[in-house]
Amino acid sequence: MGIESFDLFNPPSDFIDNVYTYYNLLREKSPIHKNSDGSYILTSYKDLVGVYRNFKIWSSDKKTEFGAKFGASPLFEHHTTSVVFADPPDHTRIRKIFQQSFTPKSILGLEKDINKLVDSYLVMMHEKKKFDFVSDFSFRLPVDVVCSVLGIPSEDRHLIRDWAHKILGALEPKLTPKQLDEGSYAVVNFKQYLKDQIKFRKTHKDVNKANEILSLLIEAEGLELSETELLHQCIFMLNAGHETSTNMLSHGLNELINNRDQYSLLQKEHRRIDTAVDEILRFQPPIQINNRRCLEKTILGDIIVPEGTSVHMIIAAANRDPSQFFEPEIFNISRSPNRHLSFGLGIHICAGINLARLEAKVAFQGLLSSFKEINLLKKPNIANRIRFREIKEMQVEVSSF
Ligand code: HEM
């Protein structure tokens, strides 16, 4: 297949295994690429930055696309109510409510708890020696952390994992009727679960803590937030706060194992941890695609596109654009500057940046100082998903010092 006929809704059969090769080719040969449905695939760093910054023209509101995709379903209600898919003034109003929980100072206060969690998993890993890194580490940490940041019992992590998978899975470019049903069912169950949690908090006021997101959102209910908005922000945060970080940790370890010199360098020189975390995020962005739709006729490169045109912004391609990154195909934990787009940019830039970076920092420092070596027992299993780059399973063996 020539890259000219590439279609994101019907990619080649080897796409998941060679995703960066295809995206590099698109960026080189067809950086503003027309997809089969008339939308455009953007792959250059400069074009993504331009769209992210111009939120007045490039809207995040998905009511048009999701109306066609989800119909009048619970999935439609969820994905059109959460902050990430809202434009100002709704976006500004909602983001302001939980912003204070994500300041660098609030997040630093979590470092001790995150260290404790990581230590407890490391003890178990020392005992087991061979295990699935995803279920025993990279999924557990983010979900335990996001449950505690929101104020949800982490014993329910498996319910949340399953619901998140189904709700976020429905954002893939192509959707089967089964995915639609499962996603909608997950939204209904997740909402009921949260209603019970909120009812408990309202009747046990002593449980509410300052700065805990659920308490802040409950406080805002009826004032700046409706009940439906409250429920969907919680669902979004619980989902967005763990799927992404889980994949950052899984891919991070995988890249360090595949690049032994970088593993040893980080093990010897812990001061490189901050640049290492950003390189992991650049090299394997957990969210590979963001979307926007233009509210008026506008210009993309040298093309004039009509109002209502949608774009797929390929973070995975922009993060390897040689006009922005020196030797982009090389995984270099010392890379600086590293202005990757894995957290997006502009008004919707990820609210959880500081939290995600802290999780990664504590996790990799703990792993590399606890184990002399970590080896793969077999090739990690990459999920057949385009929007989220997910490692489903990663069997590893650890050896102590
Ligand atoms: C490695 C981990 C993470 C990655 C790669 C990531 C990535 C992203 C990206 C790309 C966006 C922008 C979407 C857009 O512009 O359309 C975003 C938004 C968001 N993320 Fe994250 N995220 C991560 C972790 C987290 C965590 C831990 C939380 C919270 C617990 C979180 C909460 C949010 C929220 C609330 C938004 C919406 C912000 C807005 O619309 O104003 N994220 N994230």
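Residues numbered from 1 in each chain as written. Predicted model: local features only at pLDDT ≥ 70, side-chain atom pairs only at ≥ 80, totals over all residues. Heavy atoms only, no water.

Draft legend 1. Inspection of the state of the cysteines at higher detail. The full count for this structure, using the stated rule, is zero disulfides. C147 takes part in no disulfide bond, and the closest cysteine sulfur to it belongs to C234, at a distance of 11 Å. Taking the relative accessible area as the measure of exposure, C234 reaches 0% and is therefore buried. (Disulfide = S-S within 2.5 Å. Buried < 20%, exposed > 50% of the residue type's maximum accessible area, 1.4 Å probe, protein only.)

Draft legend 2. Quick look at the sheet that holds strand β4 (residues 130-132). Ordered by their spatial adjacency, three strands build an open sheet running β4-β12-β9, and the pairing between neighbours is antiparallel. Since the sheet does not close on itself, it has two edges, and those belong to β4 and β9 (371-376), each with one partner. On average, each strand axis in the sheet is tilted by 30° relative to the strand beside it, whichever way the strands run. Contacts between helix α17 (residues 353-370) and the sheet are confined to β9 and β12 (395-400), with β9 contributing the most and set at about 105° to the helix. (Pairing = 2+ DSSP bridges. Helix = DSSP H or I, 4+ residues; strand = E, 2+ residues; numbered from the N terminus. Axes fitted to C-alpha atoms, helices over the stretch in contact; angles between N-to-C directions. Contact = heavy atoms within 4.5 Å.)

Draft legend 3. Representation of the side chain of S44. Looking at the secondary structure, you find S44 in the loop between β2 (40-42) and α2 (45-53). Here S44 falls in the buried class, since its relative accessible area comes to 9%. With near-sequence residues (within four places) excluded, S44 lies in contact with R27, A318 and D321.

Draft legend 4. Representation of the pairing of β12 within the structure. Two strands pair when backbone bridges link them, and β4 and β12 are joined in this way by three bridges, in the antiparallel orientation. Bridge pairing links K130 to E397 in β12. The pairing of β9 with β12 spans five bridges and is antiparallel. Paired with E373 across the strands is S399, a residue of β12.

Draft legend 5. Representation of the environment of G222 within the structure. Looking at the element boundaries, G222 is found in the loop between α12 (213-220) and α13 (227-258). By relative accessible area, G222 is classed as exposed at 68%. When the C-alpha atoms of G222 and F76 are compared, they prove to be 22 Å apart, with 146 residues separating the residues in sequence.

Draft legend 6. Summary view of the pattern of salt bridges. Counting across every chain of the model gives 19 salt bridges. A salt bridge links R93 to D90, with the shortest nitrogen-to-oxygen separation between them at 3.2 Å. Of this pair, R93 and D90 both sit in helix α5 (residues 90-99), three residues apart, roughly one helical turn. Looking at R93, the relative accessible area reads 26%, which means it is partly exposed. Of the charged contacts, one joins R272 and E269 as a salt bridge, the two residues approaching to 2.7 Å between their closest N and O atoms. (Salt bridge = Lys/Arg side-chain N within 4 Å of Asp/Glu carboxyl O.)

Draft legend 7. Region of the structure containing the coordination of the iron atom of the ligand. Coordination of the iron atom of the ligand by the protein comes from a single atom, C350 (SG), at 2.3 Å. Among the secondary structure elements, C350 is positioned in the loop between α16 (315-318) and α17. (Donors = N, O, S within 2.8 Å, 3.2 Å for Na, K, Ca; no water.)

Draft legend 8. Structural context of α17. Between the first and last C-alpha of α17 there are 26 Å, a value that for 18 residues agrees with the 26 Å anticipated at 1.5 Å per step. Counted residue by residue, α17 has 13 buried out of 18 residues, so it is predominantly covered. (Expected span 1.5 Å × (residues − 1).)

Draft legend 9. A look at the packing of aromatic side chains. Under the counting rule described, the total for this entry stands at 13 aromatic pairs. Relative to F102, the ring of F98 has its centre 6.0 Å away and its plane inclined at 85°; by these criteria the two rings are edge-to-face. Linked through ring pairs, F6, F15, Y22 and Y23 together constitute an aromatic cluster. Above the ring of F139, the side-chain terminus of R161 is found at 4.1 Å from the ring centroid. Its end group placed over the ring of Y20, R320 keeps NZ or CZ at 3.7 Å from the ring centre. (Phe/Tyr/Trp six-rings, centres within 6.5 Å; stacked < 30°, edge-to-face > 60°. Lys NZ or Arg CZ within 6 Å of the ring centre and 35° of its normal.)

Draft legend 10. Seen up close, the site of the ligand. Surrounding the ligand, one finds 30 residues, the nearest of these being H91, R95, R292, H348 and C350. Here an oxygen atom of the ligand and a side-chain polar atom of H91 are 2.6 Å apart. Residue R292 places a side-chain N or O atom 2.7 Å away from an oxygen atom belonging to the ligand. Taken together, the elements giving at least two residues each to the shell around the ligand come down to α5, α13, β5 (289-294) and α17. Here the shell around the ligand takes seven residues from α13, the largest share from any one element. (Near = heavy atom within 4 Å. Polar contact = N/O pair within 3.5 Å; in protein donor to acceptor, adjacent residues only side chain to side chain.)

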